[in-house]
Amino acid sequence: MIGDVPNVEAGQEFSTRRLAHEAGVHRPLQAGICGTKRTGAESIVVSGGYKDDEDYGDVIVYTGHGGQDGAGNQVSDQSLDDSGNAALVTSYLEGLPVRVLRGYQSDSPYAPEAGYRYDGLYRVTRYGSKLGIDGFLVWQFRLEAYEDTPTPFSNQHPELPTAPDASVVPGNETPERVTSTVQRIVRSSAVKRQVKDWHENRCQICNVRIEVPGGSYSEGAHIRALGSPHNGPDVTGNVLCLCPNCHVMLDAGAIVLEDDLTIIRGGKPVGTLRTDTRHTIDLDCVRHHRERWRN
């Protein structure tokens, strides 16, 4: 299950991992990451298992799985082929929420004094590799708490300093670390994922496929916008698989489609929308989008 667990609130404590398992918060009894490359990561445990972890409360720099010996030392490089690491990559690419469970074993100031605590939903905002403390390559994932996730440490970040003279920006040779979060919630659904799978993450307008370590990236774009006043349906016929640039241009009306799926940009035809036999485009949605911007 991706996302919230019924009847479990952020801040709920569990005396053992088994109880967290039974509640559905984190299913594995040992592994720190629950999930697969196909589904994304359901949950992670922050419990001090990796030396390179960093915990700032609303922001976590989480070290991926693999390459450790029994004493907790990194003895080989990590890989994105590991199912847990691949799951976190998918969570990043698809904008999927990840449940966070903190354990008492961590030396983080945000760890519970005993047992485990469910700290709500986070999203993976970036990832990358580095040479870890033990001298081997590790993969790290930055997770940020969703804006509406109640956490026991919210609003405890230091205030940003103000310059004495607003007309002069002196800079800082040794900048202080200040934790902040920027929220860009990416809504993902089974409908969008289906369309993206059909097109193998290749943009239907410009044919670009964005390759990143561990996978490829695309965005599911609604032709007729959801919600009032447009009230578009959340169905595959109203969704296109696009790169970020073409997504922005579609949403802003810089690109519209004719009924025969000719792509119009700057008032001129520039090609034809690439289609798939499994993906039937809803022409009513195409007409609604076109008329919205032509008017």
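Keep in mind that this is a model prediction, so the values were computed, not measured. (Residues numbered from 1 in each chain as written. Predicted model: local features only at pLDDT ≥ 70, side-chain atom pairs only at ≥ 80, totals over all residues. Heavy atoms only, no water.)

Draft legend 1. View of the pattern of salt bridges. Within this structure, the stated rule accounts for 19 salt bridges. For Asp119, the salt bridge goes to Arg117, with nearest N and O atoms at 2.6 Å. Each of the two residues, Asp119 as well as Arg117, counts as buried. Here Arg209 and Glu211 are joined by a salt bridge, their closest N and O atoms 2.4 Å apart. Residue class for Arg209 comes out partly exposed when judged on its relative accessible area of 31%. Relative accessible area serves as the criterion here: at 52%, Glu211 is assigned to the exposed category. (Salt bridge = Lys/Arg side-chain N within 4 Å of Asp/Glu carboxyl O. Buried < 20%, exposed > 50% of the residue type's maximum accessible area, 1.4 Å probe, protein only.)

Draft legend 2. Highlighting helix α5 (residues 283-294). Spanning 12 residues, α5 covers 16 Å between terminal C-alpha atoms, matching the ideal 16 Å at 1.5 Å per step. What α5 keeps buried is the set Cys285, Val286, His289 and Arg290. The buried residues of α5 occupy one face: seen down the axis, they fall within an arc of 130°. Each element contacted by the buried residues of α5 is listed here: α4 (244-251) and β13 (255-257). Put simply, Asp282 is the residue that caps the front of α5, since its side-chain oxygen is 2.9 Å from the backbone nitrogen of Asp284. (Helix = DSSP H or I, 4+ residues; strand = E, 2+ residues; numbered from the N terminus. Expected span 1.5 Å × (residues − 1). Arc of directions from axis to C-beta. Contact = heavy atoms within 4.5 Å. Polar contact = N/O pair within 3.5 Å; in protein donor to acceptor, adjacent residues only side chain to side chain.)

Draft legend 3. Representation of the pairing of strand β12 (residues 239-242). The alternating pattern of β12 places Val239 and Cys241 and Leu240 and Leu242 on opposite faces, both of which are buried. As defined by bridge partners, strand β11 (residues 219-222) adjoins β12 across 4 bridges and the pair is classed as antiparallel. The partner of Gly220 across the bridge, within β12, is Cys241. (Pairing = 2+ DSSP bridges.)

Draft legend 4. Molecular detail of the pairing of strand β7 (residues 116-131). One ladder, built from 2 bridges, connects strand β1 (residues 13-14) with β7; its direction is antiparallel. Bridge assignment links Phe14 to a residue of β7, and that residue is Tyr116. Judged from the 6 bridges that link them, strand β6 (residues 97-103) and β7 form a sheet pairing that is antiparallel. Across the sheet, Arg102 pairs through a bridge with Arg117, a residue of β7. Note: β7 against strand β8 (residues 137-145), 9 bridges, orientation antiparallel. Bridging from a neighbouring strand, Val124 pairs with Leu143 of β8.

Draft legend 5. Main features of the side chain of Arg290. With respect to the helices and strands, Arg290 occurs in helix α5. Among the polar contacts made by the side chain of Arg290, one reaches the side chain of Asp259 at a distance of 3.0 Å. For Arg290, the residues in contact, after removing those within four places along its chain, are Val256, Leu257, Glu258 and Asp259.

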